[in-house]
Amino acid sequence: MRSDGKQRAPFALKAAAGLGLAFMHLPIALIFVYAFTTEDKSYQWPPPGFTMKWLEVTWNRPDVWDALKLSLQVATISTVIAMVLGTLCAAAVSRTKFFGRETISLLVILPIALPGIITGIALRSAFSIADIPFSIWTIILGHATFCVVVVYNNVVARFRRTSGSLVEASMDLGANSFQTFRHVILPNIGTALLAGGMLAFALSFDEVIVTTFTAGQQSTLPIWMLEELVRPRQRPVTNVVAMVVVMVTVLPILAAYYLTRDGDQVAGSGK
Amino acid sequence: MTAASSVTQTAQSSAILPGQGGWTGSLSDKFWRNPKLLLILMLTPPALWLGIIYLGSLFALLAQSFFSIDEFSGMVQYDLTLKTYGELFRPANLDIIIRTVSMAAIVTVAAACVAFPIAYFAARYARGKWKALFYIGVMLPLWSSYLVKVYAWKLILAKEGILTWIFAKLHLTWLLEAWLAIPIIGGYSLSVSYTGTFLVFLYVWLPFMVLPVQAALERVPGSYIEASGDLGATPGQTFRHVIFPLALPGIVAGSIFTFSLTLGDYIIPQIVGSSRLFIGQAVYAQQGTAGNIPLAAAFTVVPIVIMGFYLWGAKRMGAFDAI
């Protein structure tokens, strides 16, 4: 009997898989080259020369810093809200069977399953009906809504693998619900919760479609980039910002991967 | 005798524990006696948040699609009517819908073709370090910034960009020019043609296809493939009759993402592509500059209905077990 790992892949398959992976990564690599080009009027390739000066120019741009600050604030607060709501939901759904359980899981997934533009325009029209002025909180309201699902997915998968008898044992030994949560449940779901939180952070930090509808006059970093994409005015600065954004989002993704790699590969399912 | 009675006494006193002290203790006693209370407490915050903020606004939006706009004053009339839905069937609006749905379908098919070899290799041949590499190799593009990815393609597809340069180096400029000369899919340069829009859509949604296909392929037992070979099937027959049918739920699951995401996107066709609108752009334009919220709302119903049917069909094919 042949064992599963010893077969050699046909060359055509290897080539197709390799080309596919290259197709997914080369465009992002290109961003790093463009960040150092001396050309500032067009997207000319190959770059006529290389320079570090755009890093300095970008560093001294207050509008970029403001956008970055707003993005970080929004992502942090939305992540915290999503972690609380997502964990509560996951705990309720995985611990007990109750009427409407399927509906709850559908409700959590819906904001990410329907196109973002629908969430965005729905929130915007609701804000205008309710006379809520745009602020950082309207952005957070939108972001937290679709970040819940990411935390929920990760935590619910971990709950499924955690045996319920642990909780019963803890109660039998005299711990109350809060002690059980603090000393038994939390250490068990901790890494999944952290991974979910990191992915939620990355998702919020990058979100643009819903944000265009809920932001009003302020710009998060993606909104700033979108404006540059539609009407390029300062290409070199945009190049550098794009490079920084890639580096900032890669770190939480890698961290989330290392936290959840043992067994449950749910970290990314259903962005 | 005394020892025995003291034992029974301890047993009695410990059989029913005294109520725990403090408010945390009494609260958790309550939870224990009444598990529903805990459940309700846990469910209320997320249900309220999603129910009020999300579903509330969604229904408010859908309700507006049954209003209409007065063509002279431009004011919204709050009478229930299907007139706005009728407007969707005007040739200009119908064009937008057909254009978007065809693009979504083509992108989905192409994504399945490109994703399959990656998923197949990762599921069947990659082991250990390579497996992790493939997994991260798909996760990184999936989670990297959407706008940065679109921006990268703006750089690639630009007239003075790397793709034109590669074609020139390979002495294939004539091929690129011939392609761009084709009426519908061509244009002045790749970045303002449907070909460009298609490439960016394919690139951005590809990881969403790879992951579920890989998950489905990983569930195909190796013994099935060996059995098929033992029974005399050629590799092509094995693929057609064993592997592909078993991978199909994964492909359908992936197509839910690629199809739905293409239907709703309004940023990619705005940045890379011709000036003709997609559904997302039409929604954006109607609610923004035109101020026609009812028509914008009616337009959003189109992807919801299409996705409703799509999900219903996908569920029948067992795609949800593959996500």
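Residues numbered from 1 in each chain as written. Chains lettered and ligands numbered in written order. Predicted model: local features only at pLDDT ≥ 70, side-chain atom pairs only at ≥ 80, totals over all residues. Heavy atoms only, no water.

1. Quick word on the nonpolar core
Residues and elements named next belong to chain B.
Thought 1: W143, Y146, L217, I267 and F299 are the most contacted members of the largest nonpolar core, which has 163 residues in total.
Thought 2: When residues no more than four places from it in sequence are discounted, the contact partners of F299 are L88, N93, I96, I97, I279, A282 and V283.
Thought 3: By size, the runner-up hydrophobic cluster in this structure holds 7 residues, among which are V252, I256, F259 and L263. (Core = buried A, V, L, I, M, F, W, Y, C linked by side-chain atoms within 4.5 Å. Buried < 20%, exposed > 50% of the residue type's maximum accessible area, 1.4 Å probe, protein only. Contact = heavy atoms within 4.5 Å.)

2. Focus on the UniProt feature "domain: ABC transmembrane type-1" (unreviewed entry) in chain B
Thought 1: In the numbering adopted here, UniProt assigns the feature "domain: ABC transmembrane type-1" (unreviewed entry) to residues 97–311 of chain B.
Thought 2: Helix makes up 78% of residues 97–311 of chain B and strand 0%, and the two end C-alpha atoms of the span are 19 Å apart. (UniProt positions renumbered as here; feature names shortened; annotations may be inferred. Helix = DSSP H or I, 4+ residues; strand = E, 2+ residues; numbered from the N terminus.)

3. Overview of the UniProt feature "transmembrane region" (unreviewed entry) in chain A
All names here are of chain A.
Thought 1: As recorded in UniProt, the sites labelled "transmembrane region" (unreviewed entry) are residues 12–36, 70–92, 104–123, 135–155 and 240–259.
Thought 2: Split by type, residues 12–36 is 92% helix and 0% strand. Its first and last C-alpha atoms lie 36 Å apart.
Thought 3: Taken end to end, residues 135–155 is 95% helix and 0% strand, and its two terminal C-alpha atoms sit 30 Å from one another.

4. Examining the UniProt feature "domain: ABC transmembrane type-1" (unreviewed entry) in chain A
Thought 1: Residues annotated in UniProt with the feature "domain: ABC transmembrane type-1" (unreviewed entry) correspond here to residues 68–256 of chain A.
Thought 2: The span residues 68–256 of chain A is 83% helix and 0% strand, and its two end C-alpha atoms sit 22 Å from each other.

5. Looking at the confidence of the model for chain B
All names here are of chain B.
Thought 1: Looking at chain B as a whole, the pLDDT averages 83, with 91% of positions reaching at least 70.
Thought 2: For chain B, helix α1 (residues 2–15) is the element with the lowest average pLDDT, namely 47, and helix α5 (residues 91–124) is the one with the highest, namely 92.
Thought 3: pLDDT under 50 marks residues 1–14. Its contacts with residues more than four places away, or in other chains, come to 0 contacts.
Thought 4: If you check the scores for this complex, the pTM reads 0.82 and the ipTM reads 0.79. (pLDDT = per-residue confidence, 0-100.)

6. Points about the environment of L58 of chain B
Thought 1: Within the element layout of this structure, L58 of chain B appears in helix α3 (residues 35–64).
Thought 2: Along the sequence, L58 of chain B and A297 of chain B sit 239 residues apart, while their C-alpha atoms lie 9.7 Å from each other.
Thought 3: Apart from residues no more than four positions distant in its own chain, L58 of chain B is found in contact with L114, I118 and A122 of chain A.

7. Regarding the pattern of salt bridges
Thought 1: Going through the model one piece at a time under the given rule, you end up with 2 salt bridges over all chains.
Thought 2: Between R61 of chain A and D63 of chain A there is a salt bridge, with its nearest N and O atoms 2.9 Å apart.
Thought 3: With relative accessibility at 17%, the residue R61 of chain A sits in the buried group.
Thought 4: The shortest N-O distance in the salt bridge between K131 of chain B and E218 of chain B comes to 2.7 Å. In this pair, K131 of chain B sits in helix α6 (residues 129–143) while E218 of chain B sits in helix α10 (residues 194–218), placing the two residues 87 residues apart along the sequence. (Salt bridge = Lys/Arg side-chain N within 4 Å of Asp/Glu carboxyl O.)

8. Some details on the interface of chain A and chain B
Thought 1: The interface is formed by 93 residues belonging to chain A together with 83 residues belonging to chain B.
Thought 2: Of the roughly 8,300 Å² buried at the junction of chain A and chain B (both faces included), carbon and sulfur atoms supply 79%.
Thought 3: For the pair chain A and chain B, the number of links is 0 salt bridges.
Thought 4: Summed over the shared surface of chain A and chain B, the number is 9 residue pairs in polar contact (both at pLDDT 80 or more).
Thought 5: The element contributing the most residues to the side of chain A that touches chain B is helix α1 (residues 11–34) of chain A, with 14 residues. (Buried area = accessible area lost by both parts, 1.4 Å probe. Polar contact = N/O pair within 3.5 Å; in protein donor to acceptor, adjacent residues only side chain to side chain.)

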